[in-house]
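Now for the letters of each chain:
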Amino acid sequence: MKRLFEINILLVFLFLYIPIIVVVVFSFNSGEQISVWEGFSLDWYAKLIKNPDVWRACKNSLIIACAATVISTIIGTAAAVALNKYRFRLRNTIIHTLYLPLIIPDIVLAIALLTFYAQVKIPIGLASVIIAHIVFNVSYVAIVVRARLQGYDHTVEEAALDLGANEWQTFWKITFPLIAPGIIGGALLAFTLSIDDFVITFFTAGVGKTTLSVHIYNSLKFGITPELNAISTMLLVNSIVFILLFVWLHGKNIRRTI
Amino acid sequence: MRHNYRLFILLSPVILWLLCFFFVPLISALIYSFVERGTYGGVVWNFTLENYQRVFDGLYLRILWRSISTALVCTAICLLVGYPFAYYLAYYRPKLRNVLLLLVVVPFWINFLIRTYAWILILRTEGLLNSFLSILIPGFQPLEILNTPFAVQIGLVYGYLPFMILPLYAALEQMDFSLVDAAKDLGASPRHAFWHVTLPLSIPGILAGSMLVFIPTVGAFLTPDILGGGKVIFIGNVIERQFKSARDYPFGSALSFMLMVIVLAGTVLYFRALQDSESAET
């Protein structure tokens, strides 16, 4: 029986990882064919670096992700702190509301924003994408930070207050360092989601404001070249760096709590 | 009074943001779904129910049903594959448990578009699957998998399997397996113990996982678009066309609200079932 389970695990991992490995391997292919191996080369990466469209898309992705991450981390953390610290009438309603942007299919959120922008005459450009990204990022940040706030011992805050610290000092000297891993975790998650988002960006970005994801999609539609494998691999590396950072932070605070 | 002031400062940015850029846009789309489309893409502010009548047209109902049934099949496959996976991690507690869990999460962090695109390389007629099979079987005729509903189904399972495994694991990990041992000691066969002890106790995980898989798959736009090659149309693709090429915002909005109704109905059913399972336990 145990053997059968282990075979299942193995098959699931093969299923999950073979496609990813295929993309990475074929990004080093020398030929024009996207899935026929012809020999090792870095040609596609060289082409990629020389492609001004990729650089422009990369710049847009970074601007959107940075702006959306900073704003959503600040206001998401503030909300998480408030929800953890205070008890008030609409508290549960607000907690449930925070989950709503995650429950609604992203295409619905995307077209809702698109009709809204059309109605109030907000021009479609970079700002319209940043606004949209903050909507889903803020929920993720608030949830991650709130989980961290629930996980620690609040008596240390009371101790600080008893010993004469004011609330402001208590927050920056006690609460903030304790929840910092949660905040950074939330920010990393927001950044990754923002960089990777396609559907919402696709609908809310203006003409010419292409991000990396939209660039990949357009290349898919207008003929696949191995350059696509190279861009994908670079985005993969970006994601893996962020996962490692996330795990490293997480591992560190597990050790701290022990 | 001071408390109220601080609460207001901390909470108002989020509330304002969601109000302005989430609730108001949803209402704006709802209004759009009740007006006429203009001749050149805009809208004419006349009230009409025509957009919803079109949604219930045979063609769109069929597409809606295809989205729902594919999402249900996807959920079932994820459950069948994910359950033994989560069970193994929770019950046998292998040494590498945390690493294995991390490896399940990693794909979640990787760009969905890239993960879907990867399947084109594998499934196309000149792709890796066919090359592999033709080496194994001499005289093998390449399979045409890409741009079929089957390819879309593979892509959807691939995209959302981790969403099933994690909540299942969370539910099974908290479970007290000594209850299973007790059932076995009292003469229950392993199968009986599974159906009457393990499975009922893991229902919250099953429900949560099913929700997390069903909701994004029923509204999927990217997977059918990329792996279906325009031949496998989901409700998400019809919505996209109304906004990107047909410029029929009112009809697209009406379709989106139908999709939202399905998703919200699913959510309500989920909470109902969760309550039932909890009251059954006590």
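Rules and cut-offs
Residues numbered from 1 in each chain as written. Chains lettered and ligands numbered in written order. Predicted model: local features only at pLDDT ≥ 70, side-chain atom pairs only at ≥ 80, totals over all residues. Heavy atoms only, no water. Helix = DSSP H or I, 4+ residues; strand = E, 2+ residues; numbered from the N terminus. Buried < 20%, exposed > 50% of the residue type's maximum accessible area, 1.4 Å probe, protein only. Contact = heavy atoms within 4.5 Å. Areas by Shrake-Rupley, 256 points an atom, 1.4 Å probe, with all protein chains shown as cover. Lys, Arg positive; Asp, Glu negative; His and termini not counted. Charge placed at Lys NZ, Arg CZ, Asp CG, Glu CD. 1 Å grid on protein atoms, 1.4 Å probe; cavity = no way out; pocket = protein on both sides within 12 Å on 5 of 7 lines; lining within 4 Å. Points joined across faces, edges and corners; volume = space filled by probe spheres on them. Patch = residues over 30% accessible without salt bridge, like charges linked within 9 Å, V, L, I, M, F, W, Y side chains within 5 Å. Salt bridge = Lys/Arg side-chain N within 4 Å of Asp/Glu carboxyl O. Buried area = accessible area lost by both parts, 1.4 Å probe. Polar contact = N/O pair within 3.5 Å; in protein donor to acceptor, adjacent residues only side chain to side chain. Nonpolar A, V, L, I, M, F, W, Y, C, P; charged D, E, K, R; others polar. Phe/Tyr/Trp six-rings, centres within 6.5 Å; stacked < 30°, edge-to-face > 60°. Axes fitted to C-alpha atoms, helices over the stretch in contact; angles between N-to-C directions. Parallel < 35°, antiparallel > 145°, perpendicular 65-115°, else oblique. Left-handed = near helix turned anticlockwise from the far one by under 90°. Domains from an automatic or database assignment. Disulfide = S-S within 2.5 Å.

We now examine the overall build of chain A. Counting secondary structure elements, chain A contains 11 helices and 0 strands. Across chain A, helices and strands are ordered from the amino to the carboxyl terminus as α-α-α-α-α-α-α-α-α-α-α. Principal-axis analysis of the C-alpha atoms places the extent of chain A at approximately 70 × 60 × 35 Å. Of all 258 residues assigned to chain A, the portion counted as buried reaches 54%. Across chain A, every contact between residues at least 6 apart in sequence was considered, and the portion connecting residues at least 24 apart equals 70%. Here chain A displays about 12300 Å² of accessible surface, and carbon together with sulfur accounts for 69% of that area. One finds the centroid of the 19 positive side-chain charges in chain A at a distance of 5 Å from the centroid of its 14 negative side-chain charges.

This brings us to the environment of Ile18(A). Within the fold, Ile18(A) resides in helix α1 (residues 2-26). Each C-alpha atom, one on Ile18(A) and one on Leu244(A), is 20 Å from the other, the two residues being 226 residues apart in sequence. If we ignore the near neighbours within four places in the chain, the residues touching Ile18(A) are Phe13(A) and Ile122(B).

Quick look at the layout of surface pockets now. One number sums up the size of the second largest pocket: a volume of about 780 Å³. Lining the second largest pocket are 27 residues; nearest its centre among them are Val81(A), Lys85(A), Glu167(A), Phe171(A) and Leu10(B). Top element by residues in the lining of the second largest pocket is helix α8 (residues 167-196) of chain A. It accounts for 8 residues.

The subject of this paragraph is a nonpolar patch on the surface. There is a patch of nonpolar side chains on the surface, built from Met1(A), Leu4(A), Ile7(A), Leu10(A), Leu11(A), Leu14(A) and Ile18(A) and spanning about 730 Å² of accessible area. Relative to the helices and strands, Met1(A) is located in the segment before α1.

With 78 residues of chain A at the contact, the number on the chain B side is 74 residues. The largest per-residue losses of area from chain A upon contact with chain B belong to Phe5(A), Phe15(A) and Tyr86(A), which jointly make up 9% of the total buried on that side. Counting every contact that joins chain A to chain B gives 2 salt bridges. For Arg6(B), the salt bridge identified is with Glu167(A), shortest N-O distance 2.8 Å. The interface formed by chain A and chain B includes 16 residue pairs in polar contact (both at pLDDT 80 or more). In terms of residue count, α1(A) provides more of the side of chain A that touches chain B than any other element does, 16 residues in total. The class makeup of the residues in the side of chain A that touches chain B is 60 nonpolar, 13 polar and 5 charged.

Aromatic ring pairs are defined here through the distance separating the ring centres and the angle between the ring planes. The final tally for this structure, using the stated rule, is 45 aromatic pairs over all chains. With 6.2 Å between their ring centres and 75 degrees between their planes, Phe116(A) and Phe21(B) make a pair best called edge-to-face. In this pair, Phe116(A) is assigned in helix α5 (residues 106-120) and Phe21(B) in helix α1 (residues 2-32), connecting two distinct chains. No difference in accessibility class separates Phe116(A) from Phe21(B), as the two residues are buried.

Let us now look at the pattern of salt bridges. Enumeration according to the criterion identifies 9 salt bridges over all chains in this entry. With a closest N to O distance of 3.1 Å, Arg3(A) and Glu6(A) form a salt bridge. Separated by 3 residues within a single helix, Arg3(A) and Glu6(A) lie in helix α1, roughly one turn from each other. Of the residues examined, Glu6(A) reaches a relative accessible area of 24% and is grouped as partly exposed. Linking Glu126(B) and Arg124(B) is a salt bridge whose minimum nitrogen-to-oxygen distance equals 3.2 Å. The buried category is assigned to Arg124(B), whose relative accessible area is 16%. Through salt bridges with shared partners, a single network forms among Lys85(A), Glu167(A) and Arg6(B).

Residue and element names in this part refer to chain B. As a packed pair, helix α3 (residues 58-92) and helix α10 (residues 203-218) sit with axes 9 Å apart at the nearest point and diverge in direction by 140 degrees. Taken as axis vectors, α3 and α10 run oblique relative to one another. Considering how the two elements wind past one another, α3 and α10 form a crossing that is right-handed. Touching Ser67, Ile68, Ala71, Leu72, Cys74, Thr75, Cys78, Leu79 and Tyr83 of α3 are Ile206, Ser210, Val213, Phe214, Thr217 and Val218, all from α10. Across the contact of α3 with α10, the residue classes break down as 11 nonpolar, 4 polar and no charged.

Here we come to the domain arrangement of chain A. Residues and elements named next belong to chain A. Split into domains, chain A comes out as domain 1 (1-41) and domain 2 (52-257). In this assembly, 9 residues from domain 1 lie in contact with 8 residues from domain 2. With both chains or domains summed, domain 1 and domain 2 bury close to 660 Å², and 73% of this area falls on carbon and sulfur atoms. Across the domain 1-domain 2 interface, the total number found is 0 salt bridges. Among the residues forming the side of domain 1 that touches domain 2, the class breakdown is 5 nonpolar, 3 polar and 1 charged.

As enumerated under the stated definition, the model contains 0 disulfides over all chains in all. Cys66(A) takes part in no disulfide bond, and the closest cysteine sulfur to it belongs to Cys58(A), at a distance of 11 Å. Counting only cysteine sulfurs, Cys74(B) is the nearest neighbor of Cys78(B), a cysteine outside any disulfide, at a range of 4.2 Å. Residue Cys78(B) is classed as buried on the basis of its relative accessible area, which comes to 0%.

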